[in-house]
Amino acid sequence: MTAASRGLFRIRLARAPLAVWIALVVFVQPTDAQLFERATVIENARIVTMAGPVIEKGSLLIRGGRIAAIGETVEVPMLSKRFDAAGKTITPGFIDPWSALGNLGGSQKVDATSSAWDNFDVYSDYDVTAALANGVTAIYLAPGSGSGISGMGLVVRLVLQEDGTIGEPMVDEVALAINLDSAKQSIARIKLFSGLRKKFQVALDYQDALELYEEELEEYLEKLEERRKKKEAESAESAESAEDESDADKKDDVEDSKEAVKDTDKDEDAEPAPEPDKPKEDPKPEPKPKPDEDQPNAFSTAIRALNKSNYEANGDEAKPAKTDDSNNDDDEEKDEDELEKPAKPKRDPESEVLLKALDKELPVRIRADRSSDILNAIELAEEFNFRLIIEGATEAHLLSAQLADAEVTVVLGPAVRGRAYASGPYRRHLAANGLSLTKAGVDWVVGSGASSSRAARYVGMNAQLATALGDSKLDWLKLVTVKAAKMLGVSNRMGMLTRGRSADFVIWNGDPSDPGSKVDRVYVAGKEAFVATGK
Amino acid sequence: MQAIAYHTRMRRLLQCTIGCAAMGSVKTVRAKVRSTGLIVFGLLLVTATNAVAQTPSVIVTDRIVAPDGKLISGQAVTIRDGKIVAVAASKELASKPDAVSYPGAVLCPGLIDVVSSIGAIGQNIERTYAIDPGASAIDAIDTRHRDFQTALQAGVTAVMVATSRNNLISGTAAVVSTFVETDGPTWLRIDGPLTFSLGSAVFSSGRAPTSRLGALAMLRDVLVQAGAGQTHERITNFVQGKSDGLVFCDQAMDVTAAIRTLGSFGTRIGFVHTSHAKEIGEELSPQRHTLIAGPYDFTTSTAIIDAAVAVSKAEVPVVFAGRLPFAPADSLRISAALAVRQGMDPAAARRAITSSAAHVASVGDLIGAIEPNLRADLVVFSDDPLRLNARVLAVYVAGQLVYKDPINGQD
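Along every chain, residues carry numbers that run from 1 in the direction the sequence is written. Labels are handed out in written order, letters beginning with A for the chains and numbers beginning with 1 for the ligands. Per-residue local features of the predicted model are confined to residues with pLDDT of at least 70, and side-chain atom pairs are confined, for both listing and counting, to 80 or more; whole-chain, interface and lining totals are unaffected and use all residues. Calculation of side-chain values draws on the structure's entire complement of heavy atoms; hydrogens and water are dropped beforehand.

Undergrad: Report on the overall build of chain A, specifying residues and quantitative values.
TA: A count of helical and extended segments in chain A gives 11 helices and 16 strands. Between buried and exposed lies partly exposed: a residue is buried under 20% and exposed over 50% of the maximum accessible area for its type, with that area taken using a 1.4 Å probe on protein chains only. Taking all 535 residues of chain A together, 49% fall into the buried category. Once local pairs closer than 6 in sequence are excluded, the contacts in chain A between residues at least 24 apart make up 69%. Where accessible areas are quoted, they stem from the Shrake-Rupley method and a 1.4 Å probe; at the residue level, only the protein chains shown are allowed to cover. About 26000 Å² of surface is accessible on chain A, with carbon and sulfur atoms providing 52% of the total. A run of H or I in DSSP counts as a helix once it spans at least four residues, and a run of E counts as a strand once it spans at least two, with each numbered from the N terminus. In what follows, residue pairs with any heavy atoms lying within 4.5 Å of each other are defined as contacts.

Undergrad: Describe the pattern of salt bridges, with residues and values.
TA: Counted as salt bridges are all cases of a side-chain nitrogen of Lys or Arg within 4 Å of a carboxyl oxygen of Asp or Glu. Applying the stated criterion to the full structure yields 28 salt bridges over all chains. The shortest N-O distance in the salt bridge between K88 of chain A and D520 of chain A comes to 3.6 Å. Placement of the pair is K88 of chain A in the loop between β4 (81-84) and β5 (89-92) and D520 of chain A in strand β15 (residues 519-524), with a sequence separation of 432 residues. Look at K88 of chain A and you get partly exposed, because its relative accessible area is 22%. Of the charged contacts in the structure, one is a salt bridge between R350 of chain B and D384 of chain B, with a shortest N-O distance of 2.9 Å.

Undergrad: So, the environment of L176 of chain A: which residues are in play, and what are the values?
TA: Structurally, the position occupied by L176 of chain A is in strand β9 (residues 166-179). The buried category is assigned to L176 of chain A, whose relative accessible area is 0%.

Undergrad: An account of the interface of chain A and chain B is needed here, citing residue identities and associated values.
TA: Taken residue by residue, the interface counts 35 residues in chain A and 31 residues in chain B. Reported buried area values correspond to the accessible surface (1.4 Å probe) lost by two parts on association, with both partners' losses combined. Buried surface at the junction of chain A and chain B, both sides included, amounts to about 2800 Å², of which 55% is carbon and sulfur. Taken together, the links from chain A to chain B amount to one salt bridge. In this structure, the salt-bridge partner of R387 of chain B is D511 of chain A, at a minimum N-O distance of 3.0 Å. We call two N or O atoms a polar contact when they sit within 3.5 Å, provided that within protein one can donate a hydrogen and the other can accept it, with sequence-adjacent residues counted only if both atoms are side-chain atoms. If you look at where chain A meets chain B, you find seven residue pairs in polar contact (both at pLDDT 80 or more). If you tally residues by element for the side of chain A that touches chain B, the top one is helix α10 (residues 459-469) of chain A, at seven residues.

Undergrad: Before we move on, could you go through the sheet that holds strand β8 (residues 169-172) of chain B and cite the residues and values that matter?
TA: Residue and element names in this part refer to chain B. Pairing within the open sheet is mixed, and its six strands lie in the order β8-β11-β12-β13-β14-β15. Each end of this open sheet is capped by a strand with a single partner; those strands are β8 and β15 (318-320). Across the sheet, the mean angle from the axis of one strand to that of its neighbour is 25°, orientation sign disregarded. Examined bridge by bridge, strand β14 (residues 289-293) and β15 share three bridges and lie parallel to one another. Between any two strands, pairing holds if DSSP finds at least two bridges. Every angle, taken between N-to-C directions, lies between 0 and 180 degrees, and every axis is a line fitted to C-alpha atoms, over only the stretch in contact when it is a helix.

Undergrad: Hey, could you go over α10 of chain A for me, with residue numbers and the actual values?
TA: Burial analysis of α10 of chain A places 10 of its 11 residues in the buried class, which makes it a mostly covered element. Among all positions of α10 of chain A, only V459, G460, M461, N462, A463, Q464, L465, A466, T467 and A468 of chain A are buried.

Undergrad: Talk me through the environment of S243 of chain B; I want residue IDs and the actual numbers.
TA: Residues and elements named next belong to chain B. With respect to the helices, strands and loops of the structure, S243 is situated in the loop between α6 (233-239) and β12 (245-249). The spacing of S243 and D68 is 175 residues in sequence and 24 Å in space, taken between C-alpha atoms. When sequence neighbours within four positions are dropped, the list of residues in contact with S243 reads R234, N237, F238, G266 and T267.

Undergrad: Quick one: what's the story with unusual backbone geometry, residue by residue and with numbers?
TA: G294 of chain B connects to P295 of chain B through a cis peptide bond whose omega is 5°. Tracing the chain through its elements places P295 of chain B in the loop between β14 and α9 (302-313). Here the residue pair L324 of chain B and P325 of chain B is connected by a cis peptide bond, since its omega of -5° sits within 30 degrees of zero. Tracing the sequence through the fold places P325 of chain B in the loop between β15 and α10 (331-341). Although it is not a glycine, N44 of chain A sits at a positive phi angle of roughly 65°. Within the secondary structure, N44 of chain A is located in strand β1 (residues 40-47). Look at N44 of chain A and you get partly exposed, because its relative accessible area is 30%. With a phi close to 50°, A398 of chain B is a non-glycine residue in the positive phi region. Its location among the elements puts A398 of chain B in the loop between β17 (392-397) and β18 (400-404).

Undergrad: Can you break down the confidence of the model for chain A residue by residue, with the values?
TA: All names here are of chain A. Think of pLDDT as the predictor's per-residue confidence, scored from 0 to 100. When the pLDDT values of chain A are averaged, the result is 78; 71% of them are 70 or greater. A low-confidence stretch, residues 263-294 (pLDDT under 50), is modelled with 59 contacts involving residues beyond four sequence positions or located in other chains. Note on residues 315-336: pLDDT is under 50 here. Beyond four places in sequence and across chains, it has 48 contacts.

Undergrad: Go over the packing of aromatic side chains with me, naming the residues and quoting the values.
TA: Residues and elements named next belong to chain A. Classification of ring pairs rests on two measures: the distance between centres of Phe, Tyr or Trp rings, Trp counted by its six-membered ring, which must be within 6.5 Å, and the angle between planes, read as stacked under 30 degrees, edge-to-face over 60 and tilted in between. Evaluated as defined, the whole model comprises nine aromatic pairs over all chains. Taking the centre distance of 5.7 Å and the plane angle of 35° together, the rings of F94 and W508 count as tilted. In this pair, F94 sits in strand β6 (residues 94-99) while W508 sits in strand β14 (residues 505-508), placing the two residues 414 residues apart along the sequence. Neither F94 nor W508 differs from the other in exposure class; each is buried. Centre to centre, the rings of F200 and F384 are 5.2 Å apart; their planes meet at 25°, and the pair counts as stacked. Of this pair, F200 sits in helix α3 (residues 186-235) while F384 sits in helix α7 (residues 371-384), and the two are 184 residues apart along the sequence. Under the relative-accessibility criterion, F200 is labelled buried at 0%. Note on F384: relative accessible area 6%, which makes it buried.

Undergrad: Lay out the nonpolar core with the relevant residues and their values.
TA: Counting 94 residues, the largest nonpolar core has L176, I366, I374, F386, L388, I390 and L403 of chain A as the members making the most contacts within it. Buried Ala, Val, Leu, Ile, Met, Phe, Trp, Tyr and Cys residues that are joined via side-chain atoms within 4.5 Å together make up what is termed a nonpolar core. Counting 85 residues, the second largest nonpolar core, distinct from the first, contains A120, V176, A339 and F381 of chain B.

Undergrad: Hey, could you go over the pairing of β1 of chain A for me, with residue numbers and the actual values?
TA: Each regular strand carries side chains that alternate between the two faces of the sheet. All names here are of chain A. Of all the eight residues making up β1, six are buried; the element is thus mostly covered by neighbouring parts of the structure. Bridging between β1 and strand β2 (residues 55-63) involves five bridges; their strand directions are antiparallel. Paired with T40 across the strands is I62, a residue of β2. Where β1 meets β4, four bridges bridge the pair, whose relative direction is parallel.

Undergrad: Run through α9 of chain B, naming residues and quoting values.
TA: To estimate the expected span of a helix, count its residues, drop one, and scale the result by 1.5 Å. Taking 1.5 Å per residue as the helical rise, α9 of chain B with its 12 residues ought to reach 16 Å, and the 16 Å between its terminal C-alpha atoms agrees with that figure. Regarding α9 of chain B, the residues found buried are T302, I305, A307, A308, V309, V311 and S312 of chain B. Residues of α9 of chain B that are buried in the fold lie against α2 (125-133) of chain A together with α8 (277-280), β14, β15, α10 and α11 (346-352) of chain B. Just downstream of α9 of chain B lies E315 of chain B, where phi reads positive at about 75°.

Undergrad: Pulling in residues and values, what's your account of the side chain of S312 of chain B?
TA: Residue and element names in this part refer to chain B. Within the secondary structure, S312 sits in helix α9. Among the residues examined, S312 registers a relative accessible area of 14% and is labelled buried. Each residue touching S312, except ones within four places of it in the same chain, is listed here: V318, M344 and A348.

Undergrad: Quick one: what's the story with the sheet that holds strand β9 (residues 174-177) of chain B, residue by residue and with numbers?
TA: Residues and elements named next belong to chain B. As summarised here, the arrangement of the four strands in space is β6-β7-β9-β10, forming an open sheet in which the pairing is mixed. In the strand order of this sheet, the two ends are held by β6 (111-116) and β10 (187-189), each with one partner. Across the sheet, the axes of successive neighbouring strands diverge by a mean angle of 30°, strand direction being ignored. The pairing of β6 with strand β7 (residues 156-161) spans four bridges and is classified as parallel. Bridge pairing in β7 links D113 to V159.

Undergrad: Kindly report on the pairing of β6 of chain A, identifying the contributing residues and their values.
TA: Residues and elements named next belong to chain A. Counting buried positions over the six residues of β6 gives six, a clear majority of the element. Judged from the four bridges that link them, β6 and strand β7 (residues 136-141) form a sheet pairing that is parallel. If you follow I95 over to β7, its bridge partner there is A138.

Okay, here's the thing in structure tokens:
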């Protein structure tokens, strides 16, 4: 290179980076500031990880909403926010496995597809702040107390969003909730229970119908293919004969079904059965309802042309009228007749939810306090083979053996003031239940119950009481962290403080068992959700 | 009931044995005496070792609840004849014979529920007379009720049952021990505080008063008459400052009216009111008045709990009502824990279920604190009783072990 060209080159080189930088700044804009989010390090705290021994003096590194490192010492990245938590204790955030926090209440007409989130007051910041101030970072939100199937519950993380609303659904559809407790008289309870069985049976029937439809659809498509191939061979010879609308109509049917098959998402409820073939030359004037019919294009014209010749050639005219049985696909007539597309069973969203439960994808939580209701629930679970969790379970101590056999998990409610001499189910036998369930080996957790939004904040204290009365060898912290997370199916994300899990934790200024101990800060998903105002 | 005194049974057995021995002839008597002697000796040995656990002379625990409500370590309690004799350094006392030790535990005075209906539900409702000072709560209590046992196992060793809340003045409340022996209950106080009520429960269409106006007028009349010695002895005693009072108040206004009308009488008055305590806190006098609030549970609004906390901070003694058996047996401790969570001083919270409660029930010189000359009604908790995961390990009434936690009482 000559000196001149080198110089030019250098100038270009000098300018190029500038252009590159400008381009970078202008075009590369991370919408999420994740890349530039500062890590947070909490140091010198006593950390109760719930995943091993307590770290007497350790540190936590949070990055991207998760715990990036935890131990006696952690590497402190550049530009990270550091907090000294000397003298303080850190525990995982408490999870309330049965909560009505923020629940607007009322028993609206609900069904299996209703989600508890619809009933959640996203502006109930007072209750949520109070819950955070007592160490609760996530709840299982139970649907409102409808009778029978009351909808689906979900896990809600307690965060205060930027737009002022609270709560973030963390996991949708955690369980299907059924309330057996609402009916008071025996007749009502019988009706409720048999109604439930019917619904599950309907779901099973729906599954069968869907499977049948799938099979028939496959057959139908195969036959269509065969026929088309046959016709292709023959059509080369036959001339096009101008048939009337009637044929066009019939062909449109076939075409429709092909389109419909491609467009599986189209909501074709009860697609009208292809009209019976009137084997006449006269035109069929009535236009068929064709919601999906687009403008005729080259493809459809070609198909139409093809099929016109097919039907004509095969002498469909002589065929007798078909019945309205749309699911029929008579093998004998298939060559002579028009193939009928099997009609898809009408979509049943409620059954779809129940099917998820029957496939064990969705556990079923049944609210039952009376021993008879609990037995019914166990029976239902055994008959339809779903995963059962019992909520409430006030009389579980009478049935602990059966519960153990059926491998049922139990969520006990809070120790609230009961009315003495009120009817049996309404006295909370926390002590009796805890003891007998533990002895029988039934897995149980304690929740704040679905009756009060306020009770959620005290789930920790309730767990303390439950261990004192029910299972003194159990660490109460386990009930509201590890065990609750496991029951809700979120244990890979919460419940313990380990690397990779969500950074949901609470910093206490004393021993969390001590009611005088206050919560200093709460982190949810790595962000500060609560900071105590020094009073 | 395992609570039936072990030593009484042993005593009877011994008496039987000796009686049988006396029946035989002289020759055989000697043989019999020897064999019986051996048996008796054996029994005595067994009894002796058990008797120690039953009526220890010293109880040693990690910490004890002092009379001021604070937890102190390194002290043990000496007991004799059912009373606390001394509280001294545990190092010396631990090695004494008949000493029993609970490592890691906390010794607390037996808890006291001052607003209870155990054994008396439905039995103390009298509507006929607005002023019924002759009624005595002890007449309404069925001490054989099993709710007493439930309370005992939760660490509640004494309850106060009041007379009716439907009368303006309704007689005296009674304090009874929850440990009931076969030969009858132990009344800690038969003639307890005089019970007053203000609120809609008092108004009855069948008789006066039918409104607060009438109620207060009637009350003042009675007090004036009492001043002139023209009323029932109990009312006169109250007015002359010889007895305590207990006032059930429906609303904040009732409390204010009660303070104004009754506040200067009686030695100590306990005001039973929960919801609007915030509004009346300033009117209560720390020396002579006590606020009785609760019970709280996990659904109680924090505003209500804050009110009691504020009153406590103003140096007025606060006592938590248990309302057994309507509330769970642990309601006293739950109320205390919730109050501490809302900022109440833990020592005041412990006093609220022990010594302050005893004072408001007129039995402060008998129970409620671990100090010499009081009854040895003691509960061994596995931890600070304010912590709800603390469980009851053992209960002593009058120095005698009456309950031991079946699973965990093995220390």
